Every structure is written in structure tokens, then in C-alpha cells.
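For reference, the chains in residue letters:
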Amino acid sequence: MSTTPKLLLKGLLQRESFVSGNTVLALQEKLGQYFNAKVFVVNSGRSAIYLALKTLGIGHGDEVLIQAYTCNAVPNPVLWSGAVPVYVDIDAETLNMDLQDLKSKITANSKAIIVQHTFGNPARIREILKIAEQYKLKVIEDCAHSLGAKVDSKLLGTFGDLAILSFGREKVISSLSGGALIVNDHALEEKAERLTYDLKDLPKRKVLQEVANYFSWRLLFRRIHPKKWGGIFIRYLYQFDSINVVTSQKELSGLKPSWYPSKMPDILAKLALQEFEKIDSYNNKRKEIAEKYFQKLASSTVKLIGPHEGVYLRVVGLHPKAILILEEAKKRKLALGTWYNSVVYPEGVHLARLGYRSGSCPVAEQVAAQTLNLPNYLGMTDTEVEKVVNLIRSFG
């Protein structure tokens, strides 16, 4: 049984839980030992990307290469830094950056590459490092999906000059919100430390909102969400950033909410420390479920991404009838996901304001239109897996 509710309720009664204190320092130390690097904990992965760019001195007029088929949480910090996101197309077999397209989009203004290990599947990081060296570019690893994953026994997050983690909802481990900046280049440590030290604490109202979101979804919204009226009601509340604020209304248009970047409060750091001890068991469980899908759906018309040597934050399938499958899943009360059914997720972002030009990454656009996530949540039973398999098989 989860101890999260008890930990949160206890934390609400302690004034020191709302600020960054000794628990955050303990989390930084634990992560530093794990990655054998200097680590700074902040309030989100977005904040970590923003601070990584600032640490590198990237700003107005600079270009940062990122992949399409990504979350708005990647291009937004680039825009907030004053730089320009340059979208690189993807390899449809891995959903990671296509290296030929990457090289074709490097210009004299290019300063860094943000390497996304999509859904836990390792990018071709060693080859990207060679390209970066050739063109004198810095490398930031986006490990929001890949905590615990390795390439040739080396942890992702230890290859680039810098790396970022996310502890948001539905990540490898979750503290409701949170993130970290990993500094592998010793020459950058002092600047990164200064930038994070000067941050303000996350506003108390945001901490309370995160806790309220957790309990409201646990007790109410997840029960009414499958119902038509429930979905309409929840989407109405989204407009006011009142619940489930993973992406605020400002971010949909590339604007920066005032709480990015901020320090991480102790109440959430306690959750992260608790979850950190379970990384391997969580990743192993997700992998077990993924392997069942690979076996049972080998002859189906859905194209599953994998197997691969990383971790399986999501089991991603591509199907030309993805929208119909998602609609049928809802009727059957099966929780299929939609990461990333838009070339910049979620649907509804203002692509032009986030710097994306329609048609510039055709493979990513095609893949997004066919994307669905097969559930592999912790605690999923064989019976639940079989229901998903039967749904997918019903489409051929």
C-alpha cells in the first residue's frame, strides 16, 4: 500500500515542509552518489532544462537543437532563455532524434543539443556526442523518461555535459512535481550552484495545489473522467489552471509561468527520496509488462516500439487507427495513453509560438498521428494486460 497519502498529510502540518531544507539536501546527496556527479534539485524538469541553458550561457540569438515528437516542457525553457528551438525529425523505429536530420540543421548559431531518451529508449548518445564534438556543441541529456536506464552499463544522464531529471506525475519515480540538474562538467558546477542557490522557494499555494491535485484525482476525478460529462467538467477546470496543472495555459503559447524555476520544497523531496529506493523494482515491473505485450501482440497490426535496452516508462504502439482504438479503449474503461499524439505535446499547444513549422519534421508528424500508449502501470495484473491485448487484436 502506498505511504504517499500519509506522508503528504503529515507534511502539511509541518511549516518547514513548504521550503527547501535538509530533505532537499539529502535528495541531492543521494542523486549525486547515484550519478557520481554534482546534482541540484529544483521544482521541475522544465526548470532544470532552463537552468542547464543558463549554466551554458545560452540566450538571445542562439539555437538549441531539440527533437520533434516531444513535450512542450522541452521547447518552452529554450524560449524562456531567449534562444530558438530548432526541431529535428525522428527515427520512426526508436522515436529518438534522427542523426542525419540533426546534422542538416546545425548552423553557425547552434550552441547545444538536448538529447531526449524518448519513453526510456536510449538515443544514439555516443554518435550524438561525436557530432557535438565535431561542431563544438554542448550536450544536455533529457532523462525525464529514463531514470535508471543504461547504455553499455553506463547510466543515461552521465554522457552529456549536463543532464536533467523529472519527478513529475507519471515519470519513472514521482514526487508529484520536481526535477534535477546533473552537472557532469566540473567547470560548470560553480555557475550551476550559484543559479540554483539564488532561486526562490516554490510558492506555498503551488505546493498546496500539487497536494490537492493528488487527492482530488485519487478520490474523485479519476472516477468521473471516463464519463462524458466528467471529461467535459475536468476540461473546463483546466482552463483556469485549477487542477492537474502539468501544463499551464501560459505554456501552451510558450510563455513562462512565474513559478519556473523555483526550489523544490521538502514535502515533495521526501516523496522523491522514498520513491528513489524503488527505481529498479519499478523499472523491472514495467519491463515485465512490456515483454508480455511484445509476446502477445507479435502478430498484430500494431507496431510496438522495442524491445530495447532502456526502461519502459511507456509501451508505445503505432497504428493507423490509433484514434479509433483510443475511443474503443475508453468505452471498455481501459487506460490507454496519448504521449505523444502531437508533434509537440499536448494537443492544443500553439505550434508556431513554440517555434515549430508545420511540415519541418514529417516523420514525427506521421508517427504522432498513429501513437497510443499501452498501459504498464505499477500493480497492473495479467488479467488487465489481457484486456488490452484483446482490444488491440480486435483491430487486426
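Shown above is the structure to which this text applies.
Residues numbered from 1 in each chain as written. Predicted model: local features only at pLDDT ≥ 70, side-chain atom pairs only at ≥ 80, totals over all residues. Heavy atoms only, no water.

### Considerations on the overall build of the protein
Here's step 1: A count of helices and strands for the protein gives 14 helices and 14 strands.
Here's step 2: Against the 2.2 N^0.38 benchmark of 21 Å for 396 residues, the protein shows a C-alpha radius of gyration of 20 Å, consistent with a compact globule.
Here's step 3: In terms of its C-alpha atoms, the protein occupies a principal-axis envelope of roughly 55 × 55 × 40 Å.
Here's step 4: When contacts within the protein are restricted to residue pairs at least 6 apart in sequence, long-range pairs at least 24 apart make up 71% of them.
Here's step 5: Of the roughly 17,700 Å² of accessible surface on the protein, a fraction of 52% belongs to carbon and sulfur atoms.
Here's step 6: Distance between charge centroids for the protein: 7 Å, based on 52 positive and 39 negative side chains. (Helix = DSSP H or I, 4+ residues; strand = E, 2+ residues; numbered from the N terminus. Rg over C-alpha atoms; globule rule 2.2 N^0.38 Å. Contact = heavy atoms within 4.5 Å. Areas by Shrake-Rupley, 256 points an atom, 1.4 Å probe, with all protein chains shown as cover. Lys, Arg positive; Asp, Glu negative; His and termini not counted. Charge placed at Lys NZ, Arg CZ, Asp CG, Glu CD.)

### Concerning the side chain of Ser-110
Here's step 1: With respect to the helices, strands and loops of the structure, Ser-110 is situated in strand β5 (residues 110–116).
Here's step 2: By relative accessible area, Ser-110 is classed as buried at 6%.
Here's step 3: Only 2.8 Å separates the side chain of Ser-110 from the backbone nitrogen of Thr-107, close enough to count as a polar contact. (Buried < 20%, exposed > 50% of the residue type's maximum accessible area, 1.4 Å probe, protein only. Polar contact = N/O pair within 3.5 Å; in protein donor to acceptor, adjacent residues only side chain to side chain.)

### Structural notes on the environment of Tyr-50
Here's step 1: By the secondary structure assignment, Tyr-50 is in helix α3 (residues 45–55).
Here's step 2: Owing to a relative accessible area of 13%, Tyr-50 belongs among the buried residues under this scheme.
Here's step 3: Once the C-alpha coordinates of Tyr-50 and Ala-26 are considered, the two residues, 24 residues apart in sequence, prove to be 23 Å apart.

### Thoughts on the state of the cysteines
Here's step 1: Applying the stated criterion to the full structure yields 0 disulfides.
Here's step 2: With no disulfide of its own, Cys-143 lies closest to Cys-71 among cysteine sulfurs, the gap being 15 Å. (Disulfide = S-S within 2.5 Å.)

### Let's talk about the layout of surface pockets
Here's step 1: Roughly 260 Å³ of internal volume is contained in the second largest pocket.
Here's step 2: What lines the second largest pocket is a set of 14 residues, among which Leu-25, Gln-28, Thr-196, Tyr-197 and Lys-263 lie closest to the centre.
Here's step 3: Of all the elements in the fold, those that place two or more residues in the lining of the second largest pocket are α2 (22–35), β1 (38–42) and α7 (189–197).
Here's step 4: Tallied by class, the residues present in the lining of the second largest pocket amount to 7 nonpolar, 4 polar and 3 charged. (1 Å grid on protein atoms, 1.4 Å probe; cavity = no way out; pocket = protein on both sides within 12 Å on 5 of 7 lines; lining within 4 Å. Points joined across faces, edges and corners; volume = space filled by probe spheres on them. Nonpolar A, V, L, I, M, F, W, Y, C, P; charged D, E, K, R; others polar.)

### Side note on a nonpolar patch on the surface
Here's step 1: A cluster of nonpolar side chains, contributed by Trp-229, Phe-233 and Tyr-236, occupies part of the molecular surface with about 350 Å² of accessible area.
Here's step 2: Position of Trp-229 among the secondary structure elements: in helix α9 (residues 228–238).
Here's step 3: Judged by relative accessible area, Trp-229 falls into the exposed class, the value being 52%. (Patch = residues over 30% accessible without salt bridge, like charges linked within 9 Å, V, L, I, M, F, W, Y side chains within 5 Å. Salt bridge = Lys/Arg side-chain N within 4 Å of Asp/Glu carboxyl O.)

### Description of the sheet that holds β1
Here's step 1: The strand order β1-β10-β9-β6-β5-β2-β4 describes an open sheet built from 7 strands, whose pairing is mixed. The two strands at the open ends of the sheet, each matched to only one other strand, are β1 and β4 (84–88). For this sheet the average axis-to-axis angle between neighbouring strands, irrespective of direction, equals 20 degrees.
Here's step 2: Two strands pair when backbone bridges link them, and strand β6 (residues 138–142) and strand β9 (residues 162–166) are joined in this way by 3 bridges, in the parallel orientation. By the bridge assignment for β9, Ile-140 is matched with Leu-162.
Here's step 3: Contacts between α2 and the sheet are confined to β1, β9 and β10 (179–183), with β1 contributing the most and set at about 140 degrees to the helix. (Pairing = 2+ DSSP bridges. Axes fitted to C-alpha atoms, helices over the stretch in contact; angles between N-to-C directions.)

### Brief notes about helix α14 (residues 382–393)
Here's step 1: Along its 12 residues, α14 runs 16 Å from first to last C-alpha, staying within 8% of the 16 Å computed at 1.5 Å per residue.
Here's step 2: Turning to α14, its buried residues number three or more, namely Val-385, Val-388, Val-389, Leu-391 and Ile-392. Viewed end-on, α14 has its buried residues packed into an arc of 160 degrees, placing them on one side of the element.
Here's step 3: Buried residues in α14 make contact with α11 (279–296), α12 (322–331) and β14 (371–374). (Expected span 1.5 Å × (residues − 1). Arc of directions from axis to C-beta.)

### Quick word on empty space enclosed by the protein
Here's step 1: Under the definition given, this model contains 1 cavity of 30 Å³ or more.
Here's step 2: Of the pockets and cavities examined, the largest cavity occupies roughly 50 Å³.
Here's step 3: Thr-94, Leu-95, Thr-118, Phe-119, Asn-121, Ile-305, His-308, Arg-314, Val-315 and Val-316 are the residues that line the largest cavity.
Here's step 4: For the lining of the largest cavity, a count of residues per class yields 5 nonpolar, 4 polar and 1 charged.

### Focus: α12
Here's step 1: Buried within α12 are the following residues: Ala-322, Ile-325 and Ala-329. In a view along the axis of α12, the buried residues occupy a sector of 60 degrees, so they form one face of it. Of the exposed residues in α12, those oriented more than 90 degrees away from the buried face are Ile-323 and Lys-331.
Here's step 2: Those residues of α12 that are buried are in contact with α13 (362–369), β14 and α14.
Here's step 3: Of the residues flanking the end of α12, it is Lys-333, one or two places downstream, whose phi is positive at about 60 degrees.

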